[in-house]
Amino acid sequence: MSRFLNSIYQTLDAYTPGEQPKDGAYIKLNTNESPYPAGPATVKAVTDARQAARLRLYCDPDAVALKDALAERYGVKRSNVFVSNGSDDILNFSFMAFAQDGVLFPEITYGFYPVFGDLHGVEYTRVPLKEGFFVDPEDYKGKGKMIVLANPNAPTGRALGLDVIAEFCESDPDHVILIDEAYIDFGGISAVPLTAKYENLLVVQTFSKSRSLAGARLGYAIASETLINDLERIKYSTNPYNVNTVSAAAGTAALSEPEYYRENCRKIMETREYSAGRLKELGFEVIPSVANFLFVSNPKIDGKEFYLELKERRILIRHFDNPAITQYNRITVGTREEMDQLFAAIRDILDRKEEK
C-alpha cells in the first residue's frame, strides 16, 4: 500500500475473487461459472462482423435494445430496468445510493457486501445466521436500514420465500430491500413480480451464472421507476458507458434463446442432486441448495486441508478463511463428468487419510 493512497482507503479489506488459473489445466469448481458454453445465437451475436465494425463508436449508454429485451422477458416497462457492468456494479451503486441509514446483511453471505460498506463509509451490521445457516426473518423486519440479501444465499445455497420478502418490504417502506438473485435460476423463485407492488424492492440479477456470460460482465436490476432513476443518476455520475457494445449484444441474444439456457439449468440442477447424494455417501454434510453450488464439510478432514488436497490434484473448489465456516467448502456444480472426477479424487484423499 503506497503513501499516495487516500487515507480513508488505507485499511480497506478488498474482495478476493476466486482463483482463475492461467494454464487452464484445472477442473474449475470454485467460481460458480456455468460448465456449459453460451448458446448459438449468443455466440453469433459477439462474432458478427457488424459488431466489430461498431467498436470504433461509443456504445449506447441507455442500452435500449437490451433493456427492451429484459422488459419483455419480465413483463415490465423499460423504465423498470437498469443494466450495468455485472451485478457487482449494481450492488456498488446501491450502497452509494441507498445506505445512508446503514445496512443489514447476513454474517455469512457474499463477501463483497462488507467491502462495499467499507468502501463507502457505510455503517453495516452482519446478522448471525441461525443453526443450519438459516436466515431468521425477524432479524430484518422494520430495522430502519437498507437490507441486502442474497437469495439463494451464497455460499450456503439456502433461499427465502416470496412471502418473507414481501414482509420485509412492508415492514420498512422507507428503506430499500435489495434481493441479490445471482443464483435464482437454479431452483429459486424470483421476487421480480413483487416489484410491481413494492416501490422499495430492488431485485438484482446477472448473466454470469445461468446464461454462461461471466466473462461478458453484465448485470441488471428490476425495480420501481423511482429506484431505477436513482441508480441511473449514480451511473451517469460515474460512467455512462458502463455496458459495452459486445456485452449488450450478447445479453440481448441470450434473451432470445431461453430454452437453451433453461435446459442448461435443468442439467445443472440434476447434476446438483446427483452430486449431493454422492457426497453424502462419502460422509459429507451437504447443506440443501437451490443454487449451482453445494456447501459441504466432512468430519474426517479439515476444510482447508481438503481444499489444498484437491488443488494438488488439479481440482479447484472455494475455501473461506472465515472461522465460522472454515470447515466448509463451496463446490460449484460442473458437468457430470467433472463431478465424477471430483468424487474419485475425494475417495482417494479419504482413503489415504485412513491409511495414515
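All values reported here derive from a predicted model rather than from experimental measurement. Positions within a chain are numbered from 1, following the residues in the order the chain's sequence is written. Under the rules for a predicted model, residues below a pLDDT of 70 receive no local features and side-chain atom pairs below 80 are neither given nor counted, while totals for whole chains, interfaces and linings still include all residues. In computing side-chain properties, one takes all heavy atoms of the structure into account and sets aside hydrogens as well as water.

A. Structural context of the overall build of the protein. For the protein, the helix and strand inventory stands at 11 helices and 13 strands. On C-alpha atoms alone, the protein measures out to a radius of gyration of 21 Å, which is about the 21 Å that the 2.2 N^0.38 rule sets for 356 residues. Taking the principal axes of the C-alpha coordinates as reference, the protein spans close to 60 × 50 × 50 Å. Accessible surface area values rest on a Shrake-Rupley calculation with a 1.4 Å probe, where residue burial reflects the displayed protein chains alone. Carbon and sulfur atoms provide 51% of the accessible area of the protein, an area that totals close to 16,400 Å². Computed over 41 positive and 50 negative side-chain charges, the inter-centroid distance for the protein is 4 Å. Where helices and strands are cited, they refer to DSSP runs of H or I of at least four residues and of E of at least two residues respectively, numbered from the N terminus. Both definitions apply: the radius of gyration is a C-alpha atom measure, and the globule rule equals 2.2 Å times residues to the power 0.38. Just so you know, the count uses Lys and Arg for positive and Asp and Glu for negative, and it drops His and the chain ends. A charged residue contributes its charge at one atom only: NZ of Lys, CZ of Arg, CG of Asp or CD of Glu.

B. Highlighting the packing of aromatic side chains. Here a Phe, Tyr or Trp ring, Trp counted by its six-membered ring, pairs with any other such ring whose centre lies within 6.5 Å, and the pair is stacked when the planes are under 30 degrees apart, edge-to-face when over 60, and tilted otherwise. Under the criterion given, the structure shown has 20 aromatic pairs. Aromatic side chains Tyr-74 and Tyr-220 sit 5.8 Å apart centroid to centroid with 40° between the ring planes, which places their arrangement in the tilted category. Residue Tyr-74 is located in helix 3 (residues 64-74), and its partner Tyr-220 is located in strand 8 (residues 219-223); the two are separated by 146 residues in the primary sequence. Buried residues are those whose accessible area, probed at 1.4 Å on protein chains only, stays under 20% of the maximum for their type, while exposed residues exceed 50% and partly exposed ones sit between those limits. Look at Tyr-74 and you get buried, because its relative accessible area is 14%. The structure contains a cluster of three or more aromatic residues connected by ring pairs, namely Tyr-15, Phe-95, Phe-105, Tyr-110, Phe-112, Tyr-113, Phe-116 and Tyr-124. In this arrangement the basic side chain of Arg-330 is found over the ring face of Phe-293, its NZ or CZ atom lying 5.8 Å from the centre. Note on geometry: a ring has a charge over it if NZ (lysine) or CZ (arginine) is within 6 Å of the ring centre and within 35 degrees of the ring normal.

C. Region of interest: the pairing of strand 6 (residues 177-180). Neither face of strand 6 is exposed, since Ile-177 and Ile-179 on one face and Leu-178 and Asp-180 on the opposite face are all buried. Between any two strands, pairing holds if DSSP finds at least two bridges. By the bridge criterion, 4 bridges tie strand 5 (residues 146-150) to strand 6 in an arrangement that is parallel. Each bridged residue has a counterpart across the sheet, and for Ala-150 the counterpart in strand 6 is Asp-180. Assessed by its sense of winding, the connection that carries the chain from strand 5 through helix 6 (residues 162-171) to strand 6 is right-handed. Relative to strand 7 (residues 201-206), strand 6 is paired through 4 bridges, and the arrangement is parallel. Consider the strands pointing away from the viewer: the crossover is right-handed when the path from the first strand over the helix to the second runs clockwise.

D. The arrangement of helix 8 (residues 245-254) in detail. The element helix 8 is largely enclosed, with a buried count of 8 among its 10 residues. By definition in these notes, contact holds between two residues if any of their heavy atoms fall within 4.5 Å. Of the surrounding elements, those touching the buried residues of helix 8 are helix 1 (40-47), helix 2 (49-53), helix 3 and helix 9 (258-281). Capping the start of helix 8, Asn-244 holds a side-chain oxygen 3.0 Å from the backbone nitrogen of Val-246, two or three residues further along. Counting of polar contacts relies on pairs of N or O atoms within 3.5 Å, with two restrictions inside protein: one atom must be capable of donating a hydrogen and the other of accepting it, and residues adjacent in sequence are counted only when both atoms are side-chain atoms.

E. The packing of helix 4 (residues 87-98) against helix 5 (residues 112-119), seen in detail. At their nearest, the axes of helix 4 and helix 5 sit 9 Å apart, and the two run at 40° to each other. Classified by the angle between their axes, helix 4 and helix 5 sit oblique to one another. Note that helix 4 runs across helix 5; the crossing there is right-handed. In this structure, helix 4 uses Asp-88, Leu-91, Asn-92 and Phe-95 to contact helix 5, whose residues at the interface are Phe-112, Tyr-113, Phe-116, Gly-117 and Leu-119. Here the contact of helix 4 with helix 5 is composed, by residue class, of 6 nonpolar, 2 polar and 1 charged. Lines fitted to the C-alpha atoms define the axes, with helices restricted to the stretch that makes contact. Angles between their N-to-C directions range from 0 to 180 degrees. Should an angle fall under 35 degrees it is called roughly parallel, over 145 degrees roughly antiparallel, and 65 to 115 degrees roughly perpendicular, with every other angle called oblique. A clockwise turn of the near helix away from the far one marks a right-handed crossing, whereas an anticlockwise turn of less than a right angle marks a left-handed crossing. By the convention adopted, Pro, Cys, Tyr, Trp, Phe, Met, Ile, Leu, Val and Ala count as nonpolar, Lys, Arg, Asp and Glu as charged, and the other residues, Gly among them, as polar.

F. View of the environment of Lys-235. Considering the arrangement of structural elements, one finds Lys-235 in helix 7 (residues 225-235). With relative accessibility at 1%, the residue Lys-235 sits in the buried group. Sequence spacing of Lys-235 and Pro-35 is 200 residues, and the spatial spacing of their C-alpha atoms is 32 Å. Apart from residues no more than four positions distant in its own chain, Lys-235 is found in contact with Pro-61, Phe-82, Phe-93, Pro-240 and Asn-242.

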